[in-house]
Amino acid sequence: MRFGDKTVSRLFRLVTGLALYGVSIQLMIAAHLGNQPWSVLDQGLHTKTGLTIGTIVVLVAAVVLLCWIPLRQKPGLGTIANMLLIGPFVDLTALVLPEPRAMWVRIGYLLAGVLLNAVATGLYIGAHFGPGPRDGLMTGLAKRGLSIRVARTSIEVVVVAIGFLLGGTFGIGTVLYALAIGPLAQVFIPLFAVRSTPPVAATPTPTPTPSSAVA
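What counts and what doesn't
Residues numbered from 1 in each chain as written. Predicted model: local features only at pLDDT ≥ 70, side-chain atom pairs only at ≥ 80, totals over all residues. Heavy atoms only, no water. Core = buried A, V, L, I, M, F, W, Y, C linked by side-chain atoms within 4.5 Å. Buried < 20%, exposed > 50% of the residue type's maximum accessible area, 1.4 Å probe, protein only. Helix = DSSP H or I, 4+ residues; strand = E, 2+ residues; numbered from the N terminus. Contact = heavy atoms within 4.5 Å. Phe/Tyr/Trp six-rings, centres within 6.5 Å; stacked < 30°, edge-to-face > 60°. Lys NZ or Arg CZ within 6 Å of the ring centre and 35° of its normal. 1 Å grid on protein atoms, 1.4 Å probe; cavity = no way out; pocket = protein on both sides within 12 Å on 5 of 7 lines; lining within 4 Å. Points joined across faces, edges and corners; volume = space filled by probe spheres on them. Nonpolar A, V, L, I, M, F, W, Y, C, P; charged D, E, K, R; others polar. Salt bridge = Lys/Arg side-chain N within 4 Å of Asp/Glu carboxyl O.

Explain the nonpolar core to me, please; I cannot follow it from the model alone.
As a rule of thumb, soluble globular proteins bury nonpolar side chains together. Leu14, Tyr21 and Ile86 are the most contacted members of the largest nonpolar core, which has 29 residues in total. Put simply, the parts of the chain that give this core at least two residues each are helix 1 (5–31), helix 3 (53–66), helix 5 (77–96), helix 6 (103–126) and helix 9 (172–192). Sort the elements by how many residues they give to this core and helix 1 lands first, with nine residues. The residues contacting Tyr21, other than those within four sequence positions of it, are Gln36, Ile86, Asn117, Ala120, Thr121, Tyr124 and Tyr177. Among the nonpolar cores identified, the runner-up in size contains 15 residues, and Leu41, Ile56, Ile155 and Val159 belong to it.

Encoded structure:
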């Protein structure tokens, strides 16, 4: 199978976006100021099972993907890559990321995590290889009559509540993420989207004039 330059570019954006997504998750976790909604659940399950958060991310994504079956959603390459790659990058980042102690460093981690998450979202969604398991669950429910806003809010309220009860960190970072990720993603998704190449217009053949025509 041969890949064109555009396919290679899309794959690069997909993998880079998923890697940065994992980094952004760990930045927010390390800040201890509140995780993004799904990470509240992931961290809560981590505290109860002892599995690494990255492993939990993969397992939760797999369970969510099973929920696509009754919704008749079809996974793409990006869906599978999302499920398999984000978790390992969370764990790799945890191994090398210094633990912040000063509050200003923790705030920096939080802000960097939110911004990097939006950049990562723009990259992997802009690659057009299909939504991640969690995004597909949201759009699948939307196809059953719910608005995107209601579907996303309902899902995230449920996962935050369960995660918090299990011991996940809910805080100002969670609220900041919920308020900021929409506007930020709206900026970065179009910015990083792979655009189709417009067709090259054919150059019209000039009509010979009497003075230029060959005798």
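Honestly, the packing of aromatic side chains in this entry has me stumped. Any pointers?
This structure, assessed with the given rule, holds three aromatic pairs. Aromatic pair Tyr21 and Tyr124: ring centres 6.0 Å apart, planes at 75°, arrangement edge-to-face. You can see Tyr21 sitting in helix 1 and its partner Tyr124 sitting in helix 6, a full 103 residues away along the chain. Like Tyr124, Tyr21 is buried. Between Phe164 and Phe170, the ring centres sit 6.4 Å apart and the planes meet at 75°, which makes this aromatic pair edge-to-face. The class of Phe170 is partly exposed, set by a relative accessible area of 43%. The aromatic ring of Trp38 is capped on one face by Arg134, whose charged end is 5.4 Å from the ring centroid.

Any chance you could explain the layout of surface pockets here in plain terms?
One way to see where empty space is left: roll a probe the size of a water molecule over the atoms. In this structure, the largest pocket encloses a volume near 970 Å³. The wall of the largest pocket is formed by 41 residues, among which Asp135, Met138, Arg152, Glu156 and Ile181 lie closest to the centre. Those elements that place two or more of their residues in the lining of the largest pocket are helix 1, helix 2 (37–49), helix 5, helix 6, helix 7 (133–143), helix 8 (148–166) and helix 9. The class makeup of the residues in the lining of the largest pocket is 23 nonpolar, twelve polar and six charged.

Would you mind showing me how to read the pattern of salt bridges here?
According to the stated counting rule, one finds one salt bridge in the structure shown. Of the charged contacts in the structure, one is a salt bridge between Arg152 and Glu156, with a shortest N-O distance of 3.0 Å. Within this pair, Arg152 and its partner Glu156 are both found in helix 8, separated by four residues, close to a single helical turn. Judged by relative accessible area, which is 30%, Arg152 ranks as partly exposed.

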